[in-house]
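Close look at the chain arrangement
Chain by chain, the residues:
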Amino acid sequence: MRVERKQSVVLVPFLLQGHLTPMLQLGSLLHSQGFSVIVAHTPHNAPNYSNHPQFVFHSMDDGLQGIDMSFPSLVHINCMNKNCKEPLRNYLVSMMEEEGDQLACIIYDNIMFFVDDVATQLRLPSIVLRTYSAAYLHSMLTILQQPEKYFPFEDSQLLDPLPELHPLRFKDIPITTVNNTVQAPLLEFSRSMSDIGSSVATIWNTMQDLENSLLLRLQEHYKVPFFPIGPFHKMVPVASSTSILQEDNSCIDWLDRQAPNSVLYVSLGSLVRIDDKELIETAWGLANSDQPFLWVIRPGSVYGFQCAEALPDGYEEMVGERGRIVKWAPQKQVLAHPAVAGFFTHCGWNSTLESILEEVPLICRPFLADQPVNARYLSQIYKAGFELEAIERTVIEKTIRKLMLSEEGKDVKKRVVDMKQNIVAAMQIDGTSHKNLNDLVDFISALPSRLALPMPVVGAIMSSNHIASKCIIES
Ligand code: UDX
């Protein structure tokens, strides 16, 4: 039963789908625990308010109107972090005046690192949300401590192991490189993202049972309470749609017509783009595998093409009823469908958790950020999937058959079922995620009210001139 707490929390998500979803899910979790939830978001990819009538929404002007933010650059992200300071500060100040001491804290996606400055100035407690695995942040921090040890590297080193980051290799370093070296602005951004400033805690969409030793190591570094309360999408009492793109539900009818445990689901998430060569190799790999498949080709996800027109001529007619291509799928429903037997994925953290919780083993084709780390852990440590060794039609065909038809594939399926059972145990009343959620609720409820702290800060902030520092980008 929901206990009304009279306290509110402000959430600041980052605009990409893979970040927005866990923040809104966290909002639902906190709302179910009695908090009022206010979501302060940027205009691009604004959440659909009608899907979350229980939240209050506030749109902050990020000064980036007219800019294509489907794959935001560092310049855009840094600009957003600069431009949102004043709107957020003004909004919080007016809220604080109206709500008195009921505003408990502000929770922000670590890419929106400007929030820490604003919270510190207003003497408002802030908490960081980590939307990815502990393994990713651990590898990132290790590299940031001594970047010269990793960069630059030679092509010949790509498959060399990094023993201190086992099971990663140079190839899996989760920081994008140019000519095998890292650019200074990206290092700086990675530091800002991993830093917590004066935030008082971090919340994780992961599970203690899965990543305990890495979480402990990270906690030693950050020295604030950690609340791993994942998997969010299963912890929420009622799931609301968080999708930015329109889901094509007709693929569920198609799945209904397929045999149980027969379909490969293919999706590379909300951000990744591939070239037409990779699209064609994937297309033939899928066709030649002879397995039914449901393939998401997101508009704009193939360089130089709008959508699926980059496919070989007559491809869809050739695969016929055995293949179904959509622009965007209701992914959680797809993975939960009894017809689905495998997931060809980029290994985004949301997709990873969604797949495991539906007992669907994976073929890992990672691209950037946390994806290579997730892929290595999935294939080498958890043994819940196979890594795709090369983007070639014969390799793709072979890997699909291995996952769907072989004894090795059955072993991988067993490992996924075991993983799921451990995660489900964490969600039970006496499980770690459940207990950590209760601790988080107590922690937020007991945070000191800012009214106990000096107040002149508010006046000083209102009168200072922030307009001069606004970052402007031509569209
Ligand atoms: C990005 C990064 O790529 C990822 O590595 C990081 O962990 C989070 O940010 P994204 O590409 O969006 O994530 O991948 P992922 O984290 O897997 O999130 C994708 C979300 O979109 C999932 O929740 C998935 O269910 C949803 N989705 C995807 C759909 O609803 N329909 C689709 O057709 C495809």
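Structural notes, computed from the coordinates.

Thresholds, definitions, all that
- Residue numbers run consecutively from 1 along every chain, following the written order of its sequence.
- Only residues with pLDDT of at least 70 get local features here, since the model is predicted, and only at 80 or more are side-chain atom pairs given and counted; chain-wide, interface and lining totals rely on the full set of residues.
- Calculated side-chain values reflect all of the structure's heavy atoms, with hydrogen atoms and water omitted.
- Note on conventions: DSSP H or I runs of at least 4 residues are helices, E runs of at least 2 residues are strands, and numbering of each starts at the N terminus.
- We compute the radius of gyration over the C-alpha atoms and compare it with the globule rule, which gives 2.2 Å times the number of residues raised to the power 0.38.
- Only protein chains enter the accessibility calculation, which uses a 1.4 Å probe; a residue whose area is less than 20% of its type maximum is buried, one above 50% is exposed, and one in between is partly exposed.
- The contact criterion used is simple: two residues touch if any of their non-hydrogen atoms lie within 4.5 Å.
- Note that accessible areas follow from Shrake-Rupley with a 1.4 Å probe, and for residues the cover is restricted to the protein chains shown.
- Neither His nor the chain termini are counted; the positive set is Lys and Arg, and the negative set is Asp and Glu.
- Charge coordinates come from a single atom per side chain, which is NZ of Lys, CZ of Arg, CG of Asp or CD of Glu.
- Of the two site types, the cavity is a set of points on a 1 Å grid over the protein atoms alone where a 1.4 Å probe fits but cannot get out, and the pocket is an open set with protein on both sides within 12 Å along at least five of seven lines, each lined by residues with an atom within 4 Å of a point.
- Grid points are joined across faces, edges and corners, and a volume is the space filled by probe spheres set on the points.
- Basically, the charged four are Asp, Glu, Lys and Arg, the nonpolar ten are Ala, Val, Leu, Ile, Met, Phe, Trp, Tyr, Cys and Pro, and anything else, Gly included, counts as polar.
- Just so you know, the domain bounds were taken from an automatic or database domain assignment.
- As used in this record, nonpolar core signifies buried Ala, Val, Leu, Ile, Met, Phe, Trp, Tyr and Cys residues forming a set joined through side-chain atoms within 4.5 Å.
- Polar contact criterion, stated in full: a pair of N or O atoms within 3.5 Å, where within protein one must be able to donate a hydrogen and the other to accept it, and residues adjacent in sequence count only if both atoms are side-chain atoms.
- The span one expects for a helix is its residue count, reduced by one, times 1.5 Å.
- Only heavy atoms are used to decide nearness, and a residue is near a molecule or strand if one of them lies within 4 Å of it.
- For helices, the fitted axis covers only the stretch in contact; all axes are lines through C-alpha atoms, and the angles between them, taken along N-to-C directions, range from 0 to 180 degrees.

1. Some thoughts on the overall build of the protein chain
The helix and strand inventory of the protein chain stands at 18 helices and 13 strands. A compact globule built from 475 residues would reach a C-alpha radius of gyration of about 23 Å, and the protein chain, at 23 Å, matches this within 12%. By principal-axis analysis of the C-alpha atoms, the protein chain measures approximately 70 × 50 × 45 Å. A burial count over the protein chain gives 57% of its 475 residues as buried. Long-range contacts, defined as pairs at least 24 residues apart, comprise 73% of the intrachain contacts of the protein chain with a sequence gap of at least 6. Of the accessible surface of the protein chain, which amounts to about 20,000 Å², a share of 52% is contributed by carbon and sulfur atoms. One finds the centroid of the 38 positive side-chain charges in the protein chain at a distance of 3 Å from the centroid of its 53 negative side-chain charges.

2. Things to note about the layout of surface pockets
A volume near 480 Å³ is recorded for the second largest pocket. Taken together, 24 residues line the second largest pocket, and the ones lying closest to its centre are Lys 171, Asp 172, Pro 366, Phe 367 and Pro 372. Grouping the amino acids of the lining of the second largest pocket by side-chain chemistry returns 15 nonpolar, three polar and six charged. Of the domains in this structure, domain 1 (8-241 + 427-462) and domain 2 (250-426) are the two that each give at least three residues to the lining of the second largest pocket.

3. Some remarks on the nonpolar core
In this structure, Val 12, Leu 30, Leu 88, Leu 92, Ile 107, Ile 175 and Ile 444 are the most contacted members of the largest nonpolar core, which totals 134 residues. Top element by residues in this core is helix H5 (residues 134-145). It accounts for eight residues. Looking at which domains feed residues into this core, each of domain 1 (8-241 + 427-462) and domain 2 (250-426) supplies at least three. When near neighbours in sequence (up to four residues on either side) are disregarded, Leu 30 contacts Val 9, Leu 11, Phe 35, Val 37, Ile 107, Leu 440 and Ile 444. One finds Phe 293, Ala 310, Ile 325 and Leu 388 within the second-largest nonpolar core, a separate group that totals 30 residues.

4. Describing the side chain of Thr 206
Positionally, Thr 206 belongs in the loop between strand S6 (201-204) and helix H7 (208-222). You can call Thr 206 buried: its relative accessible area is 0%. A polar side-chain atom of Thr 206 sits 2.8 Å from a polar atom in the side chain of Glu 211. When neighbours within four sequence positions are excluded, Thr 206 is seen to be in contact with Glu 211, Leu 215, Pro 228, Ile 229, Gly 230, Trp 349 and Ser 433.

5. Focus on helix H16 (residues 407-427)
The first and last C-alpha atoms of H16 sit 31 Å apart over 21 residues, in line with the 30 Å expected at 1.5 Å per residue. Burial in H16 covers these residues: Gly 409, Val 412, Val 416, Val 417, Met 419, Ile 423, Ala 426 and Met 427. If you follow the buried residues of H16, they end up packed against H7, helix H8 (232-235), helix H13 (349-357), strand S13 (385-387), helix H15 (393-405) and helix H17 (432-445). Its side-chain oxygen 3.3 Å from the backbone nitrogen of Glu 408, Ser 406 forms the N-cap of H16.

6. Quick notes on the site of the ligand
Near the ligand lie 20 residues; those nearest to it are Ser 270, Ser 351, Glu 354, Asp 370 and Gln 371. The contact in question runs from an oxygen atom of the ligand to an N or O atom on the side chain of His 346, over 2.8 Å. Here an oxygen atom of the ligand sits 2.5 Å away from a polar atom, N or O, in the side chain of Ser 351. Considered on its own, the ligand offers 660 Å² of accessible surface; in the complex 96% of this is hidden by protein. When residues of the shell around the ligand are traced back to their parent elements, those giving at least two are helix H1 (17-32), strand S8 (263-267) and H13. At four residues, the largest contribution of residues to the shell around the ligand is made by H13. Its residues assigned to classes, the shell around the ligand comprises six nonpolar, 12 polar and two charged.

7. Description of the environment of Lys 383
Among the structural elements, Lys 383 can be located in the loop between helix H14 (371-381) and S13. The exposure class of Lys 383 is partly exposed, given its relative accessible area of 40%. Sequence-wise, Lys 383 and Gln 157 are 226 residues apart; in three dimensions their C-alpha atoms are separated by 24 Å. Among residues more than four places away in sequence, those in contact with Lys 383 are Tyr 377, Leu 378, Val 412 and Arg 415.

8. Observations regarding the environment of Gln 121
Mapped onto the secondary structure, Gln 121 falls in helix H4 (residues 114-122). Spatially, the C-alpha atoms of Gln 121 and Arg 89 are 8.9 Å apart, while their sequence positions differ by 32 residues. Within the local environment of Gln 121, its side chain forms a polar contact with the side chain of Arg 89, the two groups lying 2.6 Å apart.

9. Focus on the packing of helix H2 (residues 74-83) against helix H3 (residues 85-99)
If you want to describe how two helices pack, look at the angle between their axes and the distance between the axes. Taken N-terminus to C-terminus, the directions of H2 and H3 make an angle of 35°; their axes are 4 Å apart at the nearest point. Contacts between H2 and H3 involve Asn 81, Lys 82 and Asn 83 from the first element and Lys 85, Glu 86 and Pro 87 from the second. Within the contact of H2 with H3, the residues separate by chemical class into one nonpolar, two polar and three charged.

In short, the description is geometric, and any link to function would need to be established separately.
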